[in-house]
Amino acid sequence: LHIDFTYGTPKKYEILEKYKIRNEEGNLEYVKNFEIWEFNMDRIKKIWYSKDRDEVIKYKHLVMLDVNEEELKELVKGDSYMEKYAKELIKLNESEAFQSLMSYDEDKEKMIRTDKKLAYEDGQKIGQKIGHEAGVAETKIETAKKLLSKDMNYNFIQEITGLSIDEIEKLSNEL
């Protein structure tokens, strides 16, 4: 069994779609004991915010509300990583703040802030990379100019700076 928790699934898909691995025509099942379950998390999220308690309970394993502590402990038994996760999940579900549930708008706002923060951090990394590359290029040019002022030959300057002979000739003409 392979389980996917998918966001961005077209609305026409059910909450749970089950697939088998078949050939293109669909008449030959390649693996008899393998199935893919794909949960449409966009639909699950709507259940969460609808506050339809029956639907929430039906999908509690996905929305993490009213998790049965004993079932969870049994499920993770023997896997130290998952046992640690389960303890944190139980603690979260016992939290009054979590139980009061944030509104859809509050959740959306937190997701937007997180996206902005990640975009800012990505932008910083890209900017640092561009700045570093520009600094390296500038250093090569300055080094080449100094070597040219000492009448070093082009091949030596190329070996030291990594600049092409054409680039070195151009710099020489600028001096």
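Procedures and definitions
- Residues numbered from 1 in each chain as written.
- Predicted model: local features only at pLDDT ≥ 70, side-chain atom pairs only at ≥ 80, totals over all residues.
- Heavy atoms only, no water.
- Helix = DSSP H or I, 4+ residues; strand = E, 2+ residues; numbered from the N terminus.
- Areas by Shrake-Rupley, 256 points an atom, 1.4 Å probe, with all protein chains shown as cover.
- Core = buried A, V, L, I, M, F, W, Y, C linked by side-chain atoms within 4.5 Å.
- Buried < 20%, exposed > 50% of the residue type's maximum accessible area, 1.4 Å probe, protein only.
- Contact = heavy atoms within 4.5 Å.
- Salt bridge = Lys/Arg side-chain N within 4 Å of Asp/Glu carboxyl O.
- pLDDT = per-residue confidence, 0-100.
- Pairing = 2+ DSSP bridges.
- Polar contact = N/O pair within 3.5 Å; in protein donor to acceptor, adjacent residues only side chain to side chain.
- Axes fitted to C-alpha atoms, helices over the stretch in contact; angles between N-to-C directions.
- Parallel < 35°, antiparallel > 145°, perpendicular 65-115°, else oblique.
- Left-handed = near helix turned anticlockwise from the far one by under 90°.
- Nonpolar A, V, L, I, M, F, W, Y, C, P; charged D, E, K, R; others polar.
- Patch = residues over 30% accessible without salt bridge, like charges linked within 9 Å, V, L, I, M, F, W, Y side chains within 5 Å.

### Description of the overall build of the chain
When you go through the chain residue by residue, the secondary structure sums to 9 helices and 3 strands. Listing the helices and strands of the chain from first to last along the sequence gives β-β-β-α-α-α-α-α-α-α-α-α. Carbon and sulfur atoms make up 53% of the accessible area of the chain, which amounts to about 13700 Å² in all.

### Structural notes on the environment of leucine 89
You can see leucine 89 is positioned in helix α5 (residues 80-94). The sequence separation of leucine 89 and glutamate 69 amounts to 20 residues, and the corresponding C-alpha distance is 9.3 Å.

### Observations regarding the nonpolar core
The biggest cluster of nonpolar side chains holds 7 residues, and these are Ala144, Leu147, Leu148, Ile157, Leu163, Ile168 and Leu171. For this core, the elements supplying multiple residues, two or more each, are α7 (104-149) and α9 (165-174). Non-local contacts of leucine 148, meaning those with residues more than four positions away in its chain, are made with Tyr154, Ile157, Ile168, Leu171, Ser172 and Leu175.

### A short note on the pattern of salt bridges
If you walk through the whole model with that rule in mind, you get 3 salt bridges. Between lysine 20 and glutamate 29 there is a salt bridge; the shortest N-O distance is 3.8 Å. The exposure class assigned to lysine 20 is partly exposed, which follows from its relative accessible area of 32%. When the shortest N-O distance is used, the salt bridge between glutamate 29 and arginine 22 registers 3.5 Å.

### Section: the confidence of the model for the chain
Residues at a pLDDT of 70 or more form 81% of the chain, whose mean pLDDT is 80. Helix α8 (residues 154-161) holds the highest mean pLDDT among the elements of the chain, 95, whereas helix α3 (residues 60-63) holds the lowest, 60.

### What about the pairing of strand β3 (residues 36-40)?
Two strands pair when backbone bridges link them, and strand β1 (residues 2-6) and β3 are joined in this way by 5 bridges, in the parallel orientation. Paired with histidine 2 across the strands is isoleucine 36, a residue of β3.

### Section: α8
The residue sitting at the N-terminus of α8 and contributing the capping side-chain oxygen is asparagine 153; that oxygen lies 3.0 Å from the backbone nitrogen of asparagine 155. Just beyond α8, the residue with positive phi is glycine 162, at close to 85°.

### Some words on the packing of α8 against α9
Relative orientation of the contacting elements α8 and α9 amounts to 110°, with a least axis distance of 10 Å. When the axes of α8 and α9 are compared, the pair comes out roughly perpendicular. The element α8 and its partner α9 pack so that their crossing is right-handed. Along the contact surface, α8 presents Tyr154, Asn155, Ile157 and Gln158, while α9 presents Ile165, Ile168, Glu169 and Ser172. Looking at the contact of α8 with α9 residue by residue, the class counts come to 4 nonpolar, 3 polar and 1 charged.

### Section: the sheet that holds β3
Strand order across the open sheet formed by 3 strands is β1-β3-β2, with mixed pairing between neighbours. Of all strands in the sheet, those bounded by a partner on one side alone are β1 and β2 (16-19). Taking each pair of neighbouring strands and ignoring which way they run, the sheet shows an average axis angle of 20°.

### A short note on unusual backbone geometry
With a phi close to 60°, aspartate 151 is a non-glycine residue in the positive phi region. Topologically, aspartate 151 is positioned in the loop between α7 and α8. On the basis of relative accessibility, which here comes to 69%, the residue aspartate 151 falls in the exposed class.

### Some thoughts on a nonpolar patch on the surface
There is a patch of nonpolar side chains on the surface, built from Ile21, Leu28, Tyr30 and Val31 and spanning about 340 Å² of accessible area. Mapped onto the elements, tyrosine 30 comes out in the loop between β2 and β3. Residue tyrosine 30 is classed as exposed on the basis of its relative accessible area of 52%.

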